[in-house]
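Examination of the molecular architecture
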Amino acid sequence: MKAAVTAIKLFERFADTGVRGKITTKFFSFLLKTIKPRGEMIYKNLQLVYPESSKQWRKDIRTKLYDHLSWLITEILVLQKDHTQAFDWVKKVHNEEIINDLLDNKKGAIFLTGHFGNWELLGSWYAMNAQKHGHKLHIVFQELHDQDIWAYVKQTREATGEIMLPKNMSVQKYARMLKEGMHLAILDDISGTGFMKVPFMGHDATNMPGPAVMAMLSGVPVIPACIYRNAPFEHEIEFFEPLKLPNDKNLSHEERLKLIVLEFNKALEKFIKKRPEQWFWLHNRWKKRK
């Protein structure tokens, strides 16, 4: 869809951090609130996770989510003009000593995050910060069907120094690279048919077992990380202590794997519960629910 990429680039030229940024955001906000993409899915997901909530609360969260996504789009567009703006937009970093230790000592790590806050800004900030230490951030990617849009997305990510690695690469190769000191970011909050079923936000959901297998095979620390927007172009990043993953030798491989996936999910739940309006509720996370 070359027309779509052309439109994106036009918005990219127009958007900025001032008045034009507000105009751009208002346009996308109006569009989202009018079309209500996956509006019913968002509402049902919120109802499932927060059964005691009122209809009005769920509608309010959906509205706030559309506003959040509108600012996310604008911020991503503006960031393309100068990626170093990421350092100005991130106002505070919690527990930065955790990543500094990894970077200074060339230790490998898995960064566990999700489609929360401005996850693209989080990747850009970390990639450029890691470069200062002579390190690279690697991202697991799922190639988009539309090649024109995919080329644009790939270009914007690589411009910050992020290295894209294919989702279908063997977990053994990922584990070897992690042992050698690779920093790998994984958006681990998506679902899929035939994946491992483990509770997420209190309800069974299908989960990708790959990240848990990588953690088991590599033995590197798994660091939960998230980014919150406090205002347009004002964010804070939080890194958490490495997860304590189950290592009971009496457990079967599958039992241990499920427990690790469960720990991953619990870490992600903390982000979402803190700022539910900043998570991507549009996704069908809980498949085959009644």
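Above this note sits the structure.
The sections below set out a description of the structure shown in this document.

Quick look at a nonpolar patch on the surface
On the surface, F14, V19 and I23 cluster together into a nonpolar patch covering about 270 Å² of accessible area. In this structure F14 comes out as partly exposed when scored by relative accessible area, which is 32%.

Let's talk about the packing of helix α10 (residues 210-218) against helix α11 (residues 253-274)
Orientation of α10 relative to α11, taken along the N-to-C sense of each, is 110°, at an axis distance of 9 Å. In this view, α10 runs roughly perpendicular relative to α11, as classed from their interaxial angle. Relative to α11, α10 is oriented so that their crossing is right-handed. Listed contacts from α11 to P211, A212, V213, A215 and M216 of α10 are H253, R256, L257, I260, V261 and F264. Residues that form the contact of α10 with α11 fall into these classes: nine nonpolar, one polar and one charged.

Observations concerning the environment of K244
With respect to the element layout, K244 can be found in the loop between β9 (234-239) and α11. Separated by 22 residues in sequence, K244 and V222 have C-alpha atoms that sit 8.5 Å apart.

Topic: helix α3 (residues 39-49)
An α-helical turn contains 3.6 residues, so any two residues separated by three or four positions project in the same direction. For α3, the complete set of buried residues consists of G39, I42, Y43, N45, L46 and V49. Projected down its long axis, α3 shows its buried positions confined to an angular sector of 165°, all on one face. Elements that come into contact with the buried residues of α3 comprise α4 (55-79) and β7 (203-207).

Calculation notes
Each chain carries its own residue numbering, running from 1 in the written order of its sequence. The predicted origin of the model limits local features to residues at a pLDDT of at least 70 and limits the giving and counting of side-chain atom pairs to 80 or more, whereas totals for whole chains, interfaces and linings rest on all residues. In computing side-chain properties, one takes all heavy atoms of the structure into account and sets aside hydrogens as well as water. Patch membership needs two things, relative accessible area over 30% and no salt bridge, and members are linked within 9 Å if like-charged or within 5 Å if nonpolar (Val, Leu, Ile, Met, Phe, Trp, Tyr). Residue-level accessible areas treat just the shown protein chains as cover; the underlying method is Shrake-Rupley with a 1.4 Å probe. We count a salt bridge whenever a side-chain nitrogen from Lys or Arg sits within 4 Å of a carboxyl oxygen from Asp or Glu. Exposure categories follow from relative accessible area, calculated using a 1.4 Å probe and restricted to protein chains: below 20% of the type maximum is buried, above 50% is exposed, and the middle band is partly exposed. Axis definition: a line fitted to C-alpha atoms, over the contacting stretch in the case of helices. Angles run 0 to 180 degrees between N-to-C directions. Only runs of H or I of at least four residues qualify as helices and only runs of E of at least two qualify as strands under DSSP, and these elements are numbered from the N terminus. Any angle that falls under 35 degrees is termed roughly parallel, while one over 145 is termed roughly antiparallel, one within 65 to 115 roughly perpendicular, and all others oblique. We call a crossing left-handed when the near helix sits turned anticlockwise from the far one by less than a right angle, and right-handed when that turn is clockwise. By definition, residues are in contact when any of their heavy atoms lie within 4.5 Å. Each residue is assigned to one of three groups, with Ala, Val, Leu, Ile, Met, Phe, Trp, Tyr, Cys and Pro labelled nonpolar, Asp, Glu, Lys and Arg labelled charged, and all others, Gly among them, labelled polar. As used here, the arc belongs to the directions running from the helix axis to the C-beta atoms.

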